[in-house]
Amino acid sequence: MAVGSTIVVDAVRAADPDRYLSALYAPAGKRAALFALYAFNAEIASVRDRIHEPLPGEVRLQWWRDVIMAEGEADTGHPSADALRAAITAYRLPKAAFDNMLEARIFDLYDDPMPSRTDLEGYCGETAAALIQLAAMALDPTAAPRFAELAGRAGCAQAITGLLLLLPLHRRRGQCYVPADILVAAGTTPEEFVKGEGDAAAERAVAAMIALAREHLGAFERGASALPVSLRPAFLPLALTRAYLDKMEKAGRSPLADTATLSTLRRHWLLLRHAMRGWTPL
């Protein structure tokens with residue numbers, strides 16, 4: 001394995017272990033593309049963690065946009081960027097999808113509240129759902145277009161669950177991904193939610209978010225039995241979503257203060273089971 005490829009794989013293993021494990025179930029010849037996509041996603045999802053001011057963060061996202069849109073094959077000197085460019089070229093991945101993903105990630109850099117459920121689902125669609133669809137296109141470009149809607153459901157379920165897992169971090173730094181309309185219905189506001197005020201109302205809002213994630217997950221699971229084996233690795237991280245949501249709803253555990261975790265053994269078992277059987281009933 002080339003040094004650059006090793007760096008990309010290591011970056012995904014460190015930043016996104018669930019997607020790293022899922023990529024290992026892809027055919028060997030396809031893994032480099034998945035790792036490139038997942039490394040790119042990890043890079044742009046963590047811009048705020050590494051660059052704490054919004055404007056420099058936007059500059060970093062623009063750098064990625066320029067790299068992706070540039071013509072030619074000149075190396076950038078950035079292993080993840082070079083791997084991504086190679087994957088885009090090899091599998092004719094649509095650059096517009098990356099542009100939309102980068103545009104959506106600008107929201108992460110600021111403390112503006114998420115306005116509505118529709119806005120949240122749009123954000124999930126441009127980020128997690130787009131990533132699933134791009135991975136599907138790399139795995140099987142013929143079959144992937146038929147499952148774009150399923151990728152949308154899967155991405156919403158996965159992304160909302162991920163946001164719930166990150167709730168303590170987001171609250172500490174003043175971010176609120178829980179839509180304002182859900183908060184109002186629960187009897188609180190984005191400002192109160194971030195400050196940790198109105199615990200009962202905050203718990204109602206979290207319960208509504210879990211229900212929304214389950215709604216999308218259920219829709220995905222109802223259609224997932226039709227997924228061809230060739231596309232299964234792109235959707236495989238969803239094998240863990242229900243387990244994460246179940247853990248969040250256990251008595252005495254609140255996503256507001258406690259980040260749900262799954263043991264390594266549990267994660268490996270769920271991924272293996274779904275890689276072998278898909279989402280057919282046991």
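Structure shown above.
What counts, and at which threshold
Residues numbered from 1 in each chain as written. Predicted model: local features only at pLDDT ≥ 70, side-chain atom pairs only at ≥ 80, totals over all residues. Heavy atoms only, no water. Salt bridge = Lys/Arg side-chain N within 4 Å of Asp/Glu carboxyl O. Axes fitted to C-alpha atoms, helices over the stretch in contact; angles between N-to-C directions. Helix = DSSP H or I, 4+ residues; strand = E, 2+ residues; numbered from the N terminus. Parallel < 35°, antiparallel > 145°, perpendicular 65-115°, else oblique. Left-handed = near helix turned anticlockwise from the far one by under 90°. Contact = heavy atoms within 4.5 Å. Nonpolar A, V, L, I, M, F, W, Y, C, P; charged D, E, K, R; others polar. Core = buried A, V, L, I, M, F, W, Y, C linked by side-chain atoms within 4.5 Å. Buried < 20%, exposed > 50% of the residue type's maximum accessible area, 1.4 Å probe, protein only. Polar contact = N/O pair within 3.5 Å; in protein donor to acceptor, adjacent residues only side chain to side chain.

A. Summary view of the pattern of salt bridges. Evaluation of the coordinates by the stated rule reveals 15 salt bridges. The salt bridge involving Asp 108 is made with Arg 105; its shortest N-O contact spans 2.9 Å. Overlapping salt bridges, with partners in common, bring together Arg 65, Asp 99 and Glu 103 in one network.

B. Local environment of the packing of helix 8 (residues 117-139) against helix 9 (residues 148-165). As a packed pair, helix 8 and helix 9 sit with axes 7 Å apart at the nearest point and diverge in direction by 115°. The angle between the axes of helix 8 and helix 9 places the two elements in the roughly perpendicular class. By crossing handedness, the relation of helix 8 to helix 9 is classed as right-handed. Two secondary-structure elements touch here, helix 8 through Leu 120, Glu 121, Cys 124, Ala 128, Ala 129, Ile 132 and Gln 133 and helix 9 through Ala 148, Ala 151, Gly 152, Ala 154, Gly 155, Cys 156, Gln 158, Ala 159, Ile 160 and Leu 163. In terms of residue class, the contact of helix 8 with helix 9 is made up of 12 nonpolar, 4 polar and 1 charged.

C. Just the environment of Leu 169, in detail. Mapping Leu 169 onto the fold places it in helix 10 (residues 167-172). Taking the C-alpha atoms as reference, Leu 169 lies 9.3 Å from Ala 257; in sequence the two are 88 residues apart.

D. Molecular detail of the nonpolar core. Formed by 93 residues in total, the largest nonpolar core has its most connected members in Phe 193, Phe 220 and Phe 235. With 11 residues, the single largest contributor to this core is helix 8.

E. Quick look at the side chain of His 274. The topology assignment puts His 274 in helix 16 (residues 264-277). With a relative accessible area of 7%, His 274 lands in the buried category. A polar contact is formed between the side chain of His 274 and the backbone oxygen of Leu 270, at a distance of 2.9 Å. When neighbours within four sequence positions are excluded, His 274 is seen to be in contact with Arg 232, Leu 236, Ala 239 and Trp 279.

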